[in-house]
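Each chain, written out:
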Amino acid sequence: MKKLSTAIVAVSLCALTWLTVDANTARAEAPLNVVASLTDFGKIAEAIGGDKVRVTTIASGVQDPHFVDPKPSYVVKLRDADLFLVNGLELEIGWVPPLIDSARNGRIKLGAPGYVDCSKNIPVIEVPTGQVTRAEGDVHPYGNPHYMTDPLNGKLVAETIAAAFSNARPADAAYFDARKKAFQRAIDEATFGKELVELVGGKKLDRLARAGELEPFLASESASGASLATKLGGWLGKMKALHGAKVVFYHKSYSYFCERFGLAVDGYVELKPGIQPGPSHLAELVTAMRRDGVKLVATHAFYDEKIAKLVADKGGAPLVTLPLNVGGSKGADDYIRFFDVVTDALTRAVGK
Amino acid sequence: MRRIRFFAWCLGMLALTAEGRAEDFVPAAPVPPPAATSDAASPSPTVEPVATPQDQKALEGEFAAALARDKHEPEPAPSAAPRPGAALSLLDLSFDLLGAGGGSSASEHEQQSLEAGGHDPKLRGFTIQNVELTFAGVVDPYLRGDANIVLQINPLGESTIELEEAYLTTLDLPFNLQVKAGQFFGAFGRLNATHPHTWDFVDAPVVNSRLLGGDGFRNPGAQLSWLTPLPFFTELTASVHNSQGETAASFRSTPGDVVAGRTLIDRSVRSMGDLVYLVRLRTSFDLGDEVTLVPGLSALFGPNATGLDTHSEIYGADLYMKWKPLRNDQGWPFVAWQSEGIYRRYQAAAVFDKVGLADTRKTLDDWGVYSQLVWGFARPWNFGVRYDYARGEHDAFTLAGVGYDSASDPLRDQRHRISGVLTYYPSEFSKIRLQYNFDHAQFLSAHDAHSIYAQAEILFGAHGAHKF
Ligand SMILES: [Zn+2]
């Protein structure tokens, strides 16, 4: 009996050593093992990392990122991760901390270099001030966490991810940097239009757009006889038709998008974040929609469709179901196509 | 219809109280939400020319009807503080109150055995099942600490305070290892290590309170767990604990207590073999994106105090299966099926009375199972059913020729229980529940018992981690 148990212990120790040694030698040359909490970060990581990284994503794009089950299979993904990319701002508070706790992986624990909070460089909006209690529902206390709905923020996230990659693999820093620049350039061109980016430069356009000075700048400048305002293309050009349009959203999930593209949010189906509204709030909302001429109601597929539909019908506006993350609806397969799909859906709905 | 109207009224009140408070964060939003422009104190119509008060009332009615079937809860809201560059997180505190009210057709005396769990309602009337203070925090780069202090009011009306758990957990051991040490619940099966406010039913399964003890198996000790490098989730856990006290009911337990006609003696620890050892294997598989399977096996070994050299062994098998569509509305709908079977071999020493040998040394086989299905059919409602079966061996022993007497030893009785439960979650931090139990047991004078309990829970403080 004693011999048997000694043998078992010896064999398991050998196996353990072999497995860990094997894992350590493999780690040096193998692609970086990157796990992303959400598809947006997964796709950007693929774009920047190329064949130097292997990316797995936890939540699928059709899921509500606030509510993901911390399944044991995700623990296994994180156990082997070199880097873990998260949205941060407590969007994933219900599921990322228990996953990290169970993964027993020092490389990705909170505060380790492998734990990459993608909100790090983001100018956060809608940060609550004063006392906040749960009586107000799910107020994200660090501000609105849905920053990926502004394509310009995608460029900042690319910066964060590329820095984390280069830190983990200094030898490949130039590779990551070149791919990051290409990605950022692609976003600029898709946002402002290729011609305008070539005329003005992406950096300057980004700065002007963030400062809210893009329109006056374009109106005041001209190139080869034509006002620059006529050169605005891309998603911003496409969305010009909707500038100032009043819209109603289900949740405050598109605040960054609305700010970037000049949509005026007239109200939310949710009275308080995460809490289903009562009939009096909805009746008031519909009344306001009729009064203000709201152009559309936007929701996500995971929310209660019946209530959104009823609000849209009663308020006399079309209902648009938008993805919240990459992969959240048909065709939104990467971060750029996500905005193609969203801007298409919005312009189509209002054009009707 | 009346119920729908009541709901509508409740919702209206909810919205009414809501509007008086601070709006959601919108400092940077281009246009304030409409509620801010209307009279905050009144849910009834504003001054729009478009809608008359009648219109608004009619609209409210329509929304009320549409809402009556599916209502909602808040998403997790963490402890609130603005983000001044960095927030120092030192201590997470939370408070949970769990209470029940109801009664049984069995007498109050019988109810104490019918509901044998330490947090079960044992009285007609009200029970403060569990008041729990939770402390959690990261100690340093290597350790985190957790503690739960439990307060209760026992059936005699006295307040009790208990150090339920207080332990450290390592954060950064190599080889995917983790150590836990202190006072904590043993990782036996699925239910044992969980707290009553996370349960799907008002009371504990019969087999758990019988074989692992009314409060579950927990004792000071140390645990090592290993997340294996296998491609699917496989975790091996081993722990060693003290073997005495009421939280080690199948082991040395409390001297003077009677188990199977044997009075427990004051047996001391003479070697490592007199401690309790636990091993557990837990794995998990995903069947597609929407179904997850978590099977587990557990075992406990340790001394019992019917004699100086008697031992107990407990074996358990458990299975958890959950279906939840990817596109779910804040967690709904889902179906979760959980079952556990627990088997105990209990060596009972020979027992003597005034006349002489009353019973020889015996090994008693006691076992039981429960299986429960919880269906989250519409947010925020869950419906659950559970079947319980448990039996203790009593044919094998006779005391002074009398044989087993279920009335004096109800915890060895053969029992069936069927339970149904309906739970409503106003938010993730509160719940209201109604449960019905049908019990069939030999020790009951009527053999059958019908019980109904309502339960309520509130939790405030830090957002606890979700377990799977
Ligand atoms: Zn949100």
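Scoring rules and cut-offs
- Residues numbered from 1 in each chain as written.
- Chains lettered and ligands numbered in written order.
- Predicted model: local features only at pLDDT ≥ 70, side-chain atom pairs only at ≥ 80, totals over all residues.
- Heavy atoms only, no water.
- Domains from an automatic or database assignment.
- Contact = heavy atoms within 4.5 Å.
- Buried area = accessible area lost by both parts, 1.4 Å probe.
- Salt bridge = Lys/Arg side-chain N within 4 Å of Asp/Glu carboxyl O.
- Polar contact = N/O pair within 3.5 Å; in protein donor to acceptor, adjacent residues only side chain to side chain.
- Helix = DSSP H or I, 4+ residues; strand = E, 2+ residues; numbered from the N terminus.
- Nonpolar A, V, L, I, M, F, W, Y, C, P; charged D, E, K, R; others polar.
- Donors = N, O, S within 2.8 Å, 3.2 Å for Na, K, Ca; no water.
- Tetrahedral: all angles 85-135°; square planar, octahedral: opposite > 155°, others 65-115°.
- Buried < 20%, exposed > 50% of the residue type's maximum accessible area, 1.4 Å probe, protein only.

### Here we look at the domain arrangement of chain A
Residues and elements named next belong to chain A.
Okay, so step 1: Domain boundaries in chain A define domain 1 (31-123 + 137-180) and domain 2 (241-351).
Okay, so step 2: Counting residues at the interface gives 26 residues for domain 1 and 23 residues for domain 2.
Okay, so step 3: Roughly 2100 Å² is buried in total at the junction of domain 1 and domain 2, and carbon and sulfur atoms are behind 60% of that figure.
Okay, so step 4: Interface area lost by domain 1 to domain 2 is led by Asp 40, Asn 144 and Thr 149, which between them contribute 26%.
Okay, so step 5: Remark: the boundary between domain 1 and domain 2 carries 1 salt bridge.
Okay, so step 6: With a shortest N-O distance of 2.8 Å, Asp 150 and Arg 260 are connected by a salt bridge.
Okay, so step 7: Taken together, the connections running from domain 1 to domain 2 amount to 13 residue pairs in polar contact (both at pLDDT 80 or more).
Okay, so step 8: Listing elements by their share of the side of domain 1 that touches domain 2, those giving two or more residues are α2 (39-49) and α5 (151-168).
Okay, so step 9: Of the residues that constitute the side of domain 1 that touches domain 2, the class distribution is 10 nonpolar, 11 polar and 5 charged.

### Describing the coordination of the zinc ion
Residues and elements named next belong to chain A.
Okay, so step 1: Taken together, His 66 (NE2), His 140 (NE2), His 146 (NE2) and His 251 (NE2) make up the full set of protein donors to the zinc ion, lying 2.1 to 2.5 Å away.
Okay, so step 2: Considering all 4 donor atoms around the zinc ion, the spread of angles at the metal, 93 to 131°, places the coordination shape in the tetrahedral class.
Okay, so step 3: Counting the intervening residues between successive donors of the zinc ion yields the motif H-x73-H-x5-H-x104-H. Of this pair, His 66 sits in the loop between β2 (53-57) and α3 (72-79) while His 146 sits in the loop between β4 (115-117) and α5, and the two are 80 residues apart along the sequence.
Okay, so step 4: Of the residues examined, His 146 reaches a relative accessible area of 5% and is grouped as buried.

### Points about the pattern of salt bridges
Residues and elements named next belong to chain B.
Okay, so step 1: Under the definition given, this model contains 44 salt bridges over all chains.
Okay, so step 2: One salt bridge connects Asp 203 with Arg 417, and the closest N-O pair in it is separated by 3.3 Å. Separated by 214 residues along the polypeptide, Asp 203 in the loop between β5 (177-185) and α4 (206-211) and Arg 417 in strand β18 (residues 415-427) bring together distant segments of the chain.
Okay, so step 3: Overall, the relative accessible area of 1% leaves Asp 203 in the buried class.
Okay, so step 4: Asp 318 serves as the salt-bridge partner of Arg 280, at 2.8 Å between the closest nitrogen and oxygen. Pair noted here: Arg 280 is in strand β10 (residues 276-287) and Asp 318 is in strand β12 (residues 311-323), with a separation of 38 residues, a long-range link. Judged on exposure class, the residue Arg 280 and its partner Asp 318 are both buried.
Okay, so step 5: Within the structure, one salt-bridge network assembled from shared partners comprises Glu 115, Asp 203, Arg 386, Asp 388, Arg 415, Arg 417 and Asp 439.

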